[in-house]
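# Commentary on secondary and tertiary structure
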Amino acid sequence: MNKSVLLALVAPFLCFSQTTDEEVLKQIYKSALTESQSYYWLDDLSNKIGSRLSGSVGAEKAVVYAKQKMDSLGFENVYLQEVMVPKWVRGEQEVAYLTIGKKKEIFPICALGMSVATPKSGILATVLEVKSIDELKSLGEEKVRGKIIFFNRPMDPEHIETFHAYGGCVDQRSSGAREAGKLGALAVIVRSMNLRLDDFPHTGSTNYGDVPNEQKIPAAAISTNGAELLSKLLKANPDSKLFFKQSCEVFPDVLSYNVIGEMVGSVYPDRIMVVGGHLDSWDLGDGSQDDGAGCVQSMAVLELFKKINYRPKNTIRVVLFMNEENGVKGGLEYEKQSNKKGENHIFALESDSGGFTPRGFSIDCDDSNYEKILSWKTLFEPYLIHVFRKNKGHTGVDIGPLQSDKIVKVGLQPDSQRYFDYHHAANDTFDSVNKRELELGAAAMASLMYLFDKFGID
Ligand SMILES: [Zn+2]
């Protein structure tokens, strides 16, 4: 009997303690690149279902689809966890234009998520361009009142890690309307969080904090090309007025679900290792990168363990969270329920940075666990996974609420150079995801979870 026949016969009973870790990682990667169905699940989510904004029909369909898929893959304890989520609807196509002489210059804009509408007849006002909230505040109410505030600070291209550039200017989107409203502005237009110059406006949540409803002002994003042009035209024509109209609306919260499935641990069924992404998306594209990719990669971790016949010692739980984009209600509810049940989470991994080539992991844990993870670095070398960054608090928004002294939290870190070309925009579609890159991400996630399951806790 040759070795491969023998291996095939014993495979279902393969004792992983006698297989080297190098060999297990090799099996995981081989399986991911040759037989994983994850790319086709993403095709279903993106092309059969489409965008999945919380409270939308798409989100409802995605919940049903993901549960059915987990059932059909033989995941254990598959269930839906109820969660109330916001329902915000964009309404009609937004309009913005500047009239200069006889020429009407139209700008590509989109309402920011959770924004209020303009009056039905729109807003017509002069525009005040600022680069920051600090600059806005220094101008004061006298200069701001009655204007449309145009926040135009670009992402800083000097950052190699584009998430740092995003972090450096996203306050314009998240807090710009709140702060401008307090100073009597009529509306805000925010430059899209995108390093590339193009015509796609990028949405994302704006947060009014405790501003009363009647004092909320409408907020929209403008494409980067649009922002450049608007800035140029305003310099030449500072008194020209911008017309701006949008009809978005917030409805009462609706019932939705986190989708959960497991592989129960063979030795420590009560120790839980979570892997997840968020099932909701923005409404403009189909959310393939953000975060359909993370959802199918998380499901692929269990798929790959099954395919290589690895039975984990700890319970591996896939959680597809609802409502990351405009409320994080799924992540908060998951933590609340797990506290109620007294669950013991030892590890949580989130993939929510796009489906691009994986480079490594962002890790939030104590020193001893970090040292342990670092000791596995050489195992990842053949797969070009080299980033093992201790990064407190920056692993994943949905796993953020999980608190325990000992929990190890990890975020998959793909190459970030192109992520903000697509993030929250109409071009975040299935064709932007490369099949191999997606599968390599799933393999990196499964490999880390295998190692942590085997060695992570003594
Ligand atoms: Zn996301």
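Attention here is on the structure that accompanies the text. Position numbers for residues count from 1 along each chain, tracking the sequence in the order it is written. With the structure being a predicted model, the display of local features is reserved for residues of pLDDT at least 70 and the display and counting of side-chain atom pairs for 80 or more, all residues being used for whole-chain, interface and lining totals. With hydrogens and water set aside, each side-chain value is computed from the structure's full complement of heavy atoms.

### Some points on the environment of D364
Threshold: For helices the rule is a DSSP run of H or I covering at least 4 residues; for strands it is a run of E covering at least 2, with both sets numbered from the N terminus onward. Note on exposure labels: buried denotes an accessible area under 20% of the residue type's maximum, exposed denotes more than 50%, and partly exposed covers the range between, all computed with a 1.4 Å probe on protein chains only.
Here D364 lies in strand β14 (residues 358-364). Among the residues examined, D364 registers a relative accessible area of 15% and is labelled buried. Here the alpha-carbon distance between D364 and A348, two residues 16 residues apart in the chain, equals 9.9 Å.

### Focus on the sheet that holds strand β13 (residues 344-350)
Operational definition: DSSP-based pairing: two strands are paired if at least 2 bridges between them are found. Think of each axis as a best-fit line through the C-alpha atoms, taken over the contacting stretch in the case of a helix, with angles from 0 to 180 degrees between the N-to-C directions. By the convention used here, residues are in contact when the closest approach between their heavy atoms is within 4.5 Å.
Reading across the sheet, the eight strands line up as β1-β10-β12-β11-β13-β16-β14-β15 and stay open at both edges, with mixed pairing between neighbours. The sheet is open, and its two borders are formed by β1 (76-89) and β15 (387-390), each paired with just one other strand. Strand-to-strand, the axes of this sheet are offset by a mean angle of 20°, without reference to chain direction. Where β14 meets β15, four bridges bridge the pair, whose relative direction is parallel. Bridge pairing in β15 places S362 opposite R389. In this fold helix α4 (residues 57-72) packs onto β1, β10 (249-263) and β12 (314-321), with an angle of close to 5° to the strand it touches most, β10.

### Things to note about the packing of helix α9 (residues 288-307) against helix α14 (residues 435-455)
Heads up, the rule is: Roughly parallel means an angle under 35 degrees; roughly antiparallel, over 145; roughly perpendicular, 65 to 115; everything else is oblique. Note on convention: near helix rotated counterclockwise from far helix by under a right angle means a left-handed crossing. Clockwise means right-handed.
The contact between α9 and α14 brings their axes to 8 Å, and the two run at 55°. In terms of orientation, α9 lies oblique with respect to α14. Between α9 and α14 lies a crossing of right-handed hand. Packed against α9, whose contacting residues are A293, V296, Q297, S298, A300, V301, L304 and F305, the element α14 presents E437, L438, G441, A442, A443, M445, A446, M449 and Y450 at the interface.

### What about the sheet that holds strand β4 (residues 109-111)?
Pairing in this open sheet of eight strands is mixed, and the strands run β3-β2-β9-β5-β6-β7-β8-β4 from one edge to the other. Since the sheet does not close on itself, it has two edges, and those belong to β3 (103-106) and β4, each with one partner. Here the average twist between neighbouring strands, direction ignored, is 35°. In this sheet, strand β7 (residues 187-191) lies alongside strand β6 (residues 148-151) in parallel orientation, the contact comprising four bridges. Across the sheet, F150 pairs through a bridge with I189, a residue of β7. Across the sheet, helix α5 (residues 133-144) lies against β5 (123-130) and β6, angled at about 135° from β5, the strand it touches most. Here helix α7 (residues 171-182) sits on the sheet and contacts β6, β7 and β8 (219-222); the angle it forms with β7, its principal contact strand, is near 160°.

### Looking at the coordination of the zinc ion
For clarity, the threshold we go by: Coordinating donors are taken to be N, O and S atoms lying within 2.8 Å of the metal, or within 3.2 Å when the metal is Na, K or Ca; because water is excluded from the atom set, some sites may appear incomplete. Only two sets of limits are used to name each site, 85 to 135 degrees for every angle of a tetrahedral four-donor site, and over 155 degrees for opposite donors with all other angles from 65 to 115 for a square planar four-donor or octahedral six-donor site, with any other site named irregular.
Around the zinc ion, the donor atoms from the protein are H278 (NE2), D290 (OD), D352 (OD) and D352 (OD), and they sit 1.9 to 2.7 Å away. For the zinc ion, the four donor atoms are set out with angles of 53 to 149° between them, so the coordination reads as irregular. For the zinc ion, the single-chain donor residues occur in sequence as H-x11-D-x61-D. Of this pair, D290 sits in helix α9 while D352 sits in the loop between β13 and β14, and the two are 62 residues apart along the sequence. Each of the two residues, D290 as well as D352, counts as buried.

### Quick notes on helix α2 (residues 21-34)
Two residues of an α-helix separated by three or four positions point the same way, owing to the 3.6 residues in each turn. As a reminder of what qualifies: A helix is expected to span 1.5 Å for every residue after the first. Our arc is simply the arc of the directions from the helix axis toward the C-beta atoms.
The terminal C-alpha atoms of α2 lie 20 Å apart, and with 14 residues this matches the ideal 20 Å at 1.5 Å per residue to within 8%. For α2, every residue scored as buried is listed here: D21, V24, L25, I28, Y29, S31 and A32. Down the axis, α2 shows its buried residues gathered within 165° of arc, on one side only. Opposite the buried face of α2, at more than 90 degrees from it, the exposed residues are E22, K26, K30 and T34. Turning to α2, the residues buried within the fold contact α9, α12 (377-380) and α14.

### Focus: the pattern of salt bridges
Pairing between side chains of opposite charge can happen when the charged atoms of each approach one another. What counts, and what does not: Should a side-chain nitrogen of Lys or Arg be within 4 Å of a carboxyl oxygen of Asp or Glu, the pair is scored as a salt bridge.
The final tally for this structure, using the stated rule, is 25 salt bridges. One salt bridge in this structure joins D415 and R359, with 2.5 Å as the shortest N-O distance. Remark: R359 occurs in strand β14 and D415 occurs in the loop between β16 (408-414) and α13 (419-422); sequence separation between them is 56 residues. Classification of D415 by relative accessible area gives buried; the value is 18%. Through salt bridges that share partners, K137, R178, E179 and K182 make up one connected network.

### Focus: the packing of aromatic side chains
Rules: Think of it this way: a Phe, Tyr or Trp ring, Trp meaning its six-membered ring, pairs with another when their centres are within 6.5 Å, and the plane angle makes it stacked under 30 degrees, edge-to-face over 60, tilted otherwise. Charges are assigned to positions over rings by a cutoff of 6 Å between ring centre and Lys NZ or Arg CZ, combined with an angular limit of 35 degrees from the ring normal.
Applying the stated criterion across every chain yields a total of 19 aromatic pairs. The ring of Y97 carries K104 above its face, with NZ or CZ at 4.2 Å from the centroid. In this structure, R271 is placed above the aromatic ring of Y268, and the distance from its NZ or CZ to the ring centre is 3.6 Å.

Note that all results are geometric; they support no functional claim without further evidence.
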